[in-house]
Amino acid sequence: MWYAICAVDAADSLERRRAARPAHLARLHALRDEGRLLLAGPFPAIDAEDPGPAGFSGSLIVAEFPDLAAARQWAEADPYVAAGVYREVSVRPFRRVLP
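Residues numbered from 1 in each chain as written. Predicted model: local features only at pLDDT ≥ 70, side-chain atom pairs only at ≥ 80, totals over all residues. Heavy atoms only, no water.

### What to know about the pattern of salt bridges
Any two side chains of opposite charge can pair, given that their charged atoms come close.
Part 1: With the rule as written, the count across this model stands at six salt bridges.
Part 2: A salt bridge links Arg 32 to Asp 33, with the nearest nitrogen and oxygen atoms 3.0 Å apart.
Part 3: Using a relative accessible area of 59% as the deciding quantity, one classes Asp 33 as exposed.
Part 4: The partner of Glu 88 in a salt bridge is Arg 87, with the nearest N and O atoms 3.6 Å apart.
Part 5: What makes Arg 87 exposed here is its relative accessible area of 58%. (Salt bridge = Lys/Arg side-chain N within 4 Å of Asp/Glu carboxyl O. Buried < 20%, exposed > 50% of the residue type's maximum accessible area, 1.4 Å probe, protein only.)

### Thoughts on unusual backbone geometry
Part 1: Residue Pro 99 follows Leu 98 across a cis peptide bond; omega there is -15°.
Part 2: Relative to the elements of secondary structure, Pro 99 occurs in the segment after strand 4 (86–94).
Part 3: In this structure, Asp 12 is a non-glycine residue whose phi angle is positive, near 55°.
Part 4: Relative to the elements of secondary structure, Asp 12 occurs in the loop between strand 1 (2–9) and helix 1 (14–33).
Part 5: Residue class for Asp 12 comes out exposed when judged on its relative accessible area of 75%. (Helix = DSSP H or I, 4+ residues; strand = E, 2+ residues; numbered from the N terminus.)

### Digging into the environment of Asp 78
Part 1: By the element assignment, Asp 78 lies in the loop between helix 2 (68–76) and helix 3 (79–82).
Part 2: For Asp 78, a relative accessible area of 2% corresponds to the buried category.
Part 3: As for Asp 78 and Ala 20, which are separated by 58 residues in sequence, their C-alpha atoms are 9.4 Å apart.

### Thoughts on helix 1
Part 1: When the terminal C-alpha atoms of helix 1 are compared, their 27 Å separation across 20 residues agrees well with the 28 Å that a helix rising 1.5 Å per residue should span.
Part 2: A bend of about 55° at Arg 21 is the largest found in helix 1, and the proline Pro 22 appears one to four places after it.
Part 3: Every buried residue belonging to helix 1 is among Leu 14, Arg 17, Ala 20, His 24, Arg 27, Leu 28 and Leu 31, and all of these are buried.
Part 4: The elements touched by buried residues of helix 1 are strand 1, strand 2 (37–44), strand 3 (56–64), helix 2, helix 3 and strand 4.
Part 5: Among the residues trailing helix 1, Gly 35 stands out with phi positive, at a value near 75°. (Expected span 1.5 Å × (residues − 1). Bend = angle between axes of the 7 residues up to and from the residue. Contact = heavy atoms within 4.5 Å.)

### Concerning the side chain of Ser 59
Part 1: By the element assignment, Ser 59 lies in strand 3.
Part 2: Assessed through its relative accessible area of 4%, Ser 59 is described here as buried.
Part 3: Engagement of the side chain of Ser 59 in a polar contact is seen with the side chain of Arg 17, the distance being 3.1 Å.
Part 4: For Ser 59, the residues in contact, after removing those within four places along its chain, are Ile 5, Cys 6, Ala 7, Arg 17, Gly 41, Pro 42, Phe 43 and Tyr 86. (Polar contact = N/O pair within 3.5 Å; in protein donor to acceptor, adjacent residues only side chain to side chain.)

Interpretation note: all reported values are geometric properties and have no functional meaning in isolation.
Written as structure tokens, this is what we have:
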């Protein structure tokens, strides 16, 4: 089943985000390579493709896991969690309708 992992960034976490990004992306690439990643990306803090020093306000990942517990376990092991980038992470079942 698909699960939506929605994270909210901690205040002033842009530098921590930049430092942890390679490890974070490696995990996303692994999901993609396994055919389990629907989409992933950050929420810019301002209305701009590249928010520059404004940074990001959080992230959204939609990926396939065997169950909710596995999705939560994967989300909790994210390098952004360990680095203190995310102040809050929610994981919910997601039902893909379109496309």
